[in-house]
Amino acid sequence: MKINKKVKIAAGSILGIAFLLFATLIVHVAYMVKKEAKEPFAHVQMSRTDFQQPVDSASALAIQNKIKTLKGVKSTYFNLKDNILIYTFDNRENTAQDIYNNAIKNTGFASSRHIVSSKEMNTGCPVMNPNSFYGKLSTLVAKVVN
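Calculation rules
- Residues numbered from 1 in each chain as written.
- Predicted model: local features only at pLDDT ≥ 70, side-chain atom pairs only at ≥ 80, totals over all residues.
- Heavy atoms only, no water.
- Core = buried A, V, L, I, M, F, W, Y, C linked by side-chain atoms within 4.5 Å.
- Buried < 20%, exposed > 50% of the residue type's maximum accessible area, 1.4 Å probe, protein only.
- Helix = DSSP H or I, 4+ residues; strand = E, 2+ residues; numbered from the N terminus.
- Contact = heavy atoms within 4.5 Å.
- Pairing = 2+ DSSP bridges.
- Patch = residues over 30% accessible without salt bridge, like charges linked within 9 Å, V, L, I, M, F, W, Y side chains within 5 Å.
- Areas by Shrake-Rupley, 256 points an atom, 1.4 Å probe, with all protein chains shown as cover.
- Salt bridge = Lys/Arg side-chain N within 4 Å of Asp/Glu carboxyl O.
- Phe/Tyr/Trp six-rings, centres within 6.5 Å; stacked < 30°, edge-to-face > 60°.
- Axes fitted to C-alpha atoms, helices over the stretch in contact; angles between N-to-C directions.

Asks: Please explain the nonpolar core as it appears in this structure.
Replies: Within soluble globular proteins, side chains that are nonpolar generally end up buried alongside one another. Grouped together as the largest cluster of nonpolar side chains are 16 residues, with contacts concentrated most on Phe51, Ile63, Ile67, Leu85, Tyr87 and Ile104. At the level of elements, α2 (57–68), β2 (73–79), β3 (84–90) and α3 (96–104) are the ones that each hand at least two residues to this core. If you tally residues by element for this core, the top one is α3, at 5 residues. If we skip the residues at most four places from it in the chain, Ile104 touches Thr49, Phe51, Ile67, Leu85, Tyr87, Ile99 and Ser111.

Asks: Would you take a moment to explain the pairing of strand β1 (residues 44–51) for this structure?
Replies: Two faces make up the sheet, and in a regular strand the side chains alternate between them. The pairing of β1 with β3 spans 7 bridges and is antiparallel. Within the sheet, the bridge partner assigned to Ser47 lies in β3 and is Tyr87. Here β1 runs beside strand β4 (residues 111–113); their pairing, made up of 3 bridges, is antiparallel. What sits directly across from Asp50, in β4, is Ser112.

Asks: Would you explain a nonpolar patch on the surface in this entry?
Replies: Together, Phe22, Leu25, Leu140 and Val144 make up a nonpolar patch on the protein surface, roughly 320 Å² of accessible area in all. For the nonpolar patch, the secondary structure elements donating two or more residues are α1 (2–34) and α5 (133–145). Along the polypeptide, Phe22 turns up in helix α1.

Asks: Help me understand the environment of Asn65, please; the structure alone is not making it clear to me.
Replies: On the secondary structure map, Asn65 appears in helix α2. Among the residues examined, Asn65 registers a relative accessible area of 39% and is labelled partly exposed. With 11 residues separating them along the chain, Asn65 and Thr76 place their C-alpha atoms 8.7 Å apart.

Asks: Would you mind going over the pairing of β2 with me for this structure?
Replies: Sheet analysis places β2 next to β3, joined by 6 bridges and oriented antiparallel. Of the residues in β3, the one forming a bridge with Val73 is Phe89. Between β2 and β3, which pair antiparallel one after the other, the connecting turn spans 4 residues, and Asn83 there sits at a positive phi close to 55°.

Asks: Help me understand the packing of aromatic side chains in this model?
Replies: Two numbers describe a pair of aromatic rings. These are the distance of the centres and the angle of the planes. Counted under the stated rule, the structure contains 3 aromatic pairs. Look at Phe51 and Phe109: their rings are 6.5 Å apart centre to centre, the planes differ by 85°, and that puts the pair in the edge-to-face class. A residue pair is termed long-range when its members are at least 10 positions apart, and Phe51 in strand β1 and Phe109 in the loop between α3 and β4 qualify at 58 residues. Ring pairs connect the aromatic residues Phe51, Phe78 and Phe109, which therefore count as one cluster.

Asks: I tried to follow the sheet that holds β3 on my own but got confused; where do I start?
Replies: Paired through their backbone hydrogen bonds, the strands of a sheet run either parallel or antiparallel. An order of β2-β3-β1-β4 is seen for the 4 strands of this open sheet, with the pairing classed as antiparallel. In this open sheet, the two strands that pair with only one neighbour each are β2 and β4. The average undirected angle you get between the axes of adjacent strands in this sheet is 20°. On top of the sheet, α2 reaches β1, β2 and β3; it is set at about 165° to β2, its chief contact. Contacts between α3 and the sheet are confined to β1, β2, β3 and β4, with β3 contributing the most and set at about 125° to the helix.

So yeah, pure geometry; function would need other evidence.
Below you can see the structure in the form of structure tokens.
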């Protein structure tokens, strides 16, 4: 009888702590989302280019270096496995279309800019899988916060 009571107390304590931590997370996210302060990097934008053919590492590095020389480009990342190039830039200094035209379009590799669809825009994050754990958690938090 004592063991059964101790197990119930331990299980209740663990569930209570888990609930408090989850509630703290929700309150923190709500506070961060609802605050009225201006976003510090609202002018930084991310863009993606999909390559229809494999790109070798030397060519990927050359493309990245060419992009980095353009005005306003902050960073680049080339996912060789999926043939995807992602770069961030200051949209006050350059546009995604200009960067694509000047550094990517004439590389000799078939590519296209990834344009986010309206369906993807409604998910909040076009790259997040809505069926994954993090996608479901983000959806739950967004429903609670909004």
